[in-house]
Amino acid sequence: MRLSEEGRCIRTVIGIDATSSMSRVIAQVLQNIKTCLTRTCVMLDESKIESGFEIQLAVYRNYGSGAELLFQSSPFSNNAADLITFLSSVEASGGQGREAIEVLYNHIVNVESNVDQLIVIGDAPGNAMSNIISNRRPEKEATYWSNTKYSKMLDPDQLIQSLVVRRIPVHSFFISNGTNTVRNYFKQVSTQTQGQCS
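The following refers to the structure shown.

The rules behind each value
- Residues numbered from 1 in each chain as written.
- Predicted model: local features only at pLDDT ≥ 70, side-chain atom pairs only at ≥ 80, totals over all residues.
- Heavy atoms only, no water.
- Salt bridge = Lys/Arg side-chain N within 4 Å of Asp/Glu carboxyl O.
- Helix = DSSP H or I, 4+ residues; strand = E, 2+ residues; numbered from the N terminus.
- Buried < 20%, exposed > 50% of the residue type's maximum accessible area, 1.4 Å probe, protein only.
- Phe/Tyr/Trp six-rings, centres within 6.5 Å; stacked < 30°, edge-to-face > 60°.
- Polar contact = N/O pair within 3.5 Å; in protein donor to acceptor, adjacent residues only side chain to side chain.
- Pairing = 2+ DSSP bridges.
- Arc of directions from axis to C-beta.
- Contact = heavy atoms within 4.5 Å.
- Axes fitted to C-alpha atoms, helices over the stretch in contact; angles between N-to-C directions.
- Parallel < 35°, antiparallel > 145°, perpendicular 65-115°, else oblique.
- Nonpolar A, V, L, I, M, F, W, Y, C, P; charged D, E, K, R; others polar.

What follows concerns the pattern of salt bridges. Enumeration according to the criterion identifies two salt bridges in this entry. The residue Glu54 makes a salt bridge to Arg11 at a minimum N-O spacing of 3.0 Å. Taken together, the residues span a long stretch of sequence, with Glu54 in strand S2 (residues 53–60) and Arg11 in strand S1 (residues 10–17) at a distance of 43 residues. You can call Glu54 partly exposed: its relative accessible area is 23%. The exposure class of Arg11 is buried, given its relative accessible area of 17%.

Right, dumping it as structure tokens:
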């Protein structure tokens, strides 16, 4: 994981799969993140470190959740209370097998600037292009998606390549579903981006 360099703020995005398959563990994941954020902020306060890191929390689901719930994020902050407020509003819902992690990658590559690292927590691999096409059901919902910020289909492979080019490591924490598919997906993305996978 990247740590603060003297006088430089390290910006980390933590992306969480918030689909129904995560409902059994999402409360635990969210509580662990809350605990870590609170402890980190207390340690930094005690050490009189006022800057050095900012965290943005984000959740992703899949296209069946609709544009409003597909991707949600907090602002960047180093205040645990602000981040916990966002986390408290998260509820697990939706999902279609593989998940729309490409919206998280797109957020890092095309929306935010100066992101130093991405931490992902999930229990399903990301969509392939064929999944995106079928999950968006273009024959039924073409007009729906064309009126959202997701009107253009996102190419997961291109977005991962953009993370590589921008040297943004993806650190993955996967929750096993009993198959190697999840582990293999996150390990591959972490390896490609010079991140770590646990």
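Glancing now at the packing of aromatic side chains. All told, the structure shown has four aromatic pairs when counted by the stated rule. Taken together, a centroid distance of 4.8 Å and an interplanar angle of 80° make the contact between Tyr144 and Trp145 edge-to-face. Judged by relative accessible area, Tyr144 falls into the partly exposed class, the value being 36%. Accessibility expressed as a relative area gives 1% for Trp145, which makes it buried. For the ring pair Trp145 and Tyr150, a centre distance of 6.5 Å and an interplane angle of 70° mean the geometry is edge-to-face. When sorted by exposure, Trp145 lands in the same class as Tyr150, which is buried. What links up through ring pairs into an aromatic cluster is the set Tyr63, Tyr144, Trp145 and Tyr150.

Mapped onto the secondary structure, Thr148 falls in the loop between helix H6 (138–146) and helix H7 (156–165). Residue Thr148 is classed as buried on the basis of its relative accessible area of 17%. Here Tyr150 takes part through its backbone nitrogen, which lies 3.0 Å from a polar atom of the side chain of Thr148.

Moving on: the pairing of S1. Most of S1 is tucked away: eight of the eight residues are buried. The two faces of S1 match: Ile10, Thr12, Ile14 and Ile16 on one face and Arg11, Val13, Gly15 and Asp17 on the other face are all buried. For S1 and S2, the ladder comprises eight bridges, and the chain directions are parallel. When the sheet's bridge partners are listed, Gly15 is paired in S2 with Ala58.

To continue, consider helix H3 (residues 80–88). Those residues of H3 that sit buried are Ala80, Leu83, Phe86 and Leu87. An end-on view of H3 places all buried positions within 125° of arc, on one side of the element. The secondary structure elements touched by the buried residues of H3 are S1, helix H1 (23–46), S2 and strand S3 (71–73). Two or three places before Ala81, at the start of H3, stands the capping residue Asn79, its side-chain oxygen 2.8 Å from that residue's backbone nitrogen.

What follows concerns the packing of H1 against H3. Angle between the axes and distance between the axes: these two values describe a pair of packed helices. The N-to-C vectors of H1 and H3 enclose an angle of 170°; their axes lie 9 Å apart at closest approach. In terms of orientation, H1 lies roughly antiparallel with respect to H3. Residues Leu30, Ile33, Lys34, Leu37, Thr38 and Cys41 of H1 touch H3, and the partners they reach there are Ala80, Leu83, Ile84, Leu87 and Ser88. Of the residues belonging to the contact of H1 with H3, the class tally is eight nonpolar, two polar and one charged.

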